[in-house]
Amino acid sequence: HTEYFVVDKDHPDQGVLGQAAELLKQGKLVAFPTETVYGLGANGLDEKAVANIYVAKGRPSDNPLILHISHIEELKQLVAHIPNNAKVLMNAYWPGPLTIVFRRAAIVPDIVTGGLETVGIRLPDSVVARELIALAGTPIAAPSANISGRPSPTNAQAVLVDLEGKIDAVVDAGNCQIGVESTVIDCTTPVPTLLRPGGVTLEMLMETLGEVEMDPILSGSFELAPRSPGMKYTHYAPDAPMVLVEGEYPQVLELLLKEVSAALTEGKRVGALISGQTADKLPVGTIPFVYGMRENVEEIAANLYLALRNYDDHSVDVIFAEGISEEGLGLAVMNRLRKASGYRIIKG
Ligand code: TXA
Ligand code: MG
């Protein structure tokens, strides 16, 4: 049985959050909102509790978890060293959608780091997340609260679709604001290395740090040994196979229409994950999901996982997705779409 708590996003009831925090203290699993996506939380210093996260999600045990803290003071006990670059990033972007990878302290259990000598730490901006962590009185290990390989949940309903009955509770505070996961940056390298694009954009990191290395996997060469273990697994995938169509407008539109028409002609049921610009141009018979206007990347990011989960209820044979520009948050959106497509990509 999964307990269900509802709180206000900005002024959560302390009594209700206290009940959820009590479950975390007892070693139970509690899904909770952050500004990026919903996380599946457990006491990050309790090996048994953390082990249950992997079981509930069906997650490979070599894929490390992020430790979430409620106050910057909690960082010191968890890491061996705080490099200067990390201090600069913390000042600029914490609390917020940025996970920083540090050398770990001995107190961090192996099960959290997947055996690595490093640990990813994040101080979320969400008031609900921070107050819950503070009430639990311990760092909270939390991956996204989905079955491994599925799109991340951006509301409590999506959490329950995947994990109802498998976790002890969910705290519902409505939709997540950003909609894609935090940026992951490794500060153990001389020049910080971007491992996962997210809410803090590459442009923002460059502006703050001067230089940033890109992990080779981000340029699509996914055969290379991944530095972030999570990179090698299938991710965010809808139930039906998805093909990503990349390019600038209107070339991307022409290519998308050609592919959709060909699939319809073959008698397939076709889904199309598209922009507002494309919405009225699709052939009859296509099952569309509009993720937002091309120029509004914040809106697209916020709708992305709803869009990928939308086709779970339709029996489509194939989904074609319209790619967008990689500027700003667009890099994170395109990274998730490429992974969700299993790198089935057509370029204009
Ligand atoms: O926005 C987020 O980051 C959400 C919310 C709940 O905070 N969490 C999240 O966790 O997305 P998860 O487990 O789904 O993704 C964490 C990513 C994985 O790709 C993992 O491999 C990477 O961070 N990661 C964690 N610790 C790492 C480490 N020590 N070194 C390299 N990569 C690490
Ligand atoms: Mg995840």
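Conventions we followed
- Residues numbered from 1 in each chain as written.
- Chains lettered and ligands numbered in written order.
- Predicted model: local features only at pLDDT ≥ 70, side-chain atom pairs only at ≥ 80, totals over all residues.
- Heavy atoms only, no water.
- 1 Å grid on protein atoms, 1.4 Å probe; cavity = no way out; pocket = protein on both sides within 12 Å on 5 of 7 lines; lining within 4 Å.
- Points joined across faces, edges and corners; volume = space filled by probe spheres on them.
- Nonpolar A, V, L, I, M, F, W, Y, C, P; charged D, E, K, R; others polar.
- Domains from an automatic or database assignment.
- Pairing = 2+ DSSP bridges.
- Helix = DSSP H or I, 4+ residues; strand = E, 2+ residues; numbered from the N terminus.
- Axes fitted to C-alpha atoms, helices over the stretch in contact; angles between N-to-C directions.
- Salt bridge = Lys/Arg side-chain N within 4 Å of Asp/Glu carboxyl O.
- Buried < 20%, exposed > 50% of the residue type's maximum accessible area, 1.4 Å probe, protein only.
- Contact = heavy atoms within 4.5 Å.
- Buried area = accessible area lost by both parts, 1.4 Å probe.
- Core = buried A, V, L, I, M, F, W, Y, C linked by side-chain atoms within 4.5 Å.
- Expected span 1.5 Å × (residues − 1).
- Bend = angle between axes of the 7 residues up to and from the residue.
- Parallel < 35°, antiparallel > 145°, perpendicular 65-115°, else oblique.
- Left-handed = near helix turned anticlockwise from the far one by under 90°.
- Arc of directions from axis to C-beta.

Caption draft 1: Geometry of empty space enclosed by the protein. Under the defined criterion, the tally for this structure stands at two cavities of 30 Å³ or more. By volume, the second largest cavity is sized at about 40 Å³. For the lining of the second largest cavity, the class distribution of residues is six nonpolar, three polar and no charged. Split by domain, the residues of the lining of the second largest cavity number at least three in each of domain 1 (3-232) and domain 2 (242-347).

Caption draft 2: Quick peek at the sheet that holds strand 15 (residues 318-322). If you walk across this open sheet you meet the five strands as 14-13-15-12-16, and the pairing is parallel. Of all strands in the sheet, those bounded by a partner on one side alone are strand 14 (287-292) and strand 16 (345-347). Each strand axis lies, on average, 20° off the axis of its neighbour in the sheet, ignoring direction. One ladder, built from three bridges, connects strand 12 (residues 242-246) with strand 16; its direction is parallel.

Caption draft 3: Structural detail: the pattern of salt bridges. Across all of its chains, the model carries 15 salt bridges by this definition. Among the salt bridges present, the one from D162 reaches R150, with a minimum N-O distance of 2.9 Å. A residue pair is termed long-range when its members are at least 10 positions apart, and D162 in helix 6 (residues 156-163) and R150 in the loop between strand 7 (140-141) and helix 6 qualify at twelve residues. Given the relative accessible area of 15%, R150 is considered buried. The closest approach of N and O atoms between R338 and E246, which form a salt bridge, is 2.8 Å. Of this pair, R338 sits in helix 10 (residues 330-340) while E246 sits in strand 12, placing them 92 residues apart in sequence. Since its relative accessible area comes to 8%, E246 is described here as buried. Because the salt bridges share partners, they merge into one network encompassing R150, D162, R309 and D312.

Caption draft 4: Quick peek at the domain arrangement of the protein. According to the domain assignment, the protein contains domain 1 (3-232) and domain 2 (242-347). Centre-to-centre separation of domain 1 and domain 2, based on C-alpha positions: 28 Å. Listed as interface residues are 28 residues of domain 1 and, on the opposing side, 17 residues of domain 2. Between domain 1 and domain 2, the buried area comes to about 1,700 Å², and carbon and sulfur atoms account for 56% of it.

Caption draft 5: Quick peek at the nonpolar core. If you look at the biggest cluster of nonpolar residues, it comprises 47 residues, and the most contacted ones within it are W94, I100 and I121. Sorting the residues of this core by element identifies strand 3 (39-43), helix 2 (47-57), helix 3 (84-93), strand 5 (98-103), strand 6 (118-122), helix 6 and helix 7 (202-209) as the ones contributing at least two each. Per-element accounting of this core gives the leading share, five residues, to helix 2. When near neighbours in sequence (up to four residues on either side) are disregarded, I121 contacts I66, L67, I69, L75, L78, V79, W94, L98, T99, I100 and F102. Listed in part, the 28 residues of the second largest apolar core include V180, I300, Y305 and V333.

Caption draft 6: Quick look at helix 9 (residues 297-310). With 14 residues, helix 9 should reach 20 Å at 1.5 Å per residue; the first-to-last C-alpha distance of 19 Å fits that figure. Maximum bend of helix 9: about 45°, positioned at N303. Here helix 9 has its buried residues at V297, I300, A301, L304, Y305, A307, L308, R309 and N310. In the core, the buried residues of helix 9 are packed alongside helix 6, strand 12, strand 13 (270-275), strand 14 and helix 10.

Caption draft 7: Here's a closer look at the packing of helix 1 (residues 14-25) against helix 5 (residues 127-136). Between helix 1 and helix 5, the shortest axis-to-axis distance is 8 Å and the interhelical angle comes to 55°. In terms of orientation, helix 1 and helix 5 fall into the oblique class. Seen along the crossing, helix 1 lies across helix 5 with a hand that is right-handed. Counting all contacts with helix 1, which are made through Q14, L17, G18, A20, A21, L24 and K25, the residues of helix 5 involved are V128, E131, L132, L135 and A136. Its residues placed into classes, the contact of helix 1 with helix 5 shows eight nonpolar, two polar and two charged.

Caption draft 8: Summary view of helix 8 (residues 251-265). An ideal rise of 1.5 Å per residue puts 21 Å on 15 residues; helix 8 measures up with 21 Å between its terminal C-alpha atoms. Listing the buried residues of helix 8 in full gives V252, L253, L255, L256, V260 and A263. Axial view of helix 8: buried residues confined to an arc of 165°, hence all on one face. Opposite the packed face of helix 8, turned more than 90 degrees from it, sit the exposed residues E254, K258 and T265. Once helix 8 finishes, G267 follows within two positions and takes phi at roughly 85°, a positive value.

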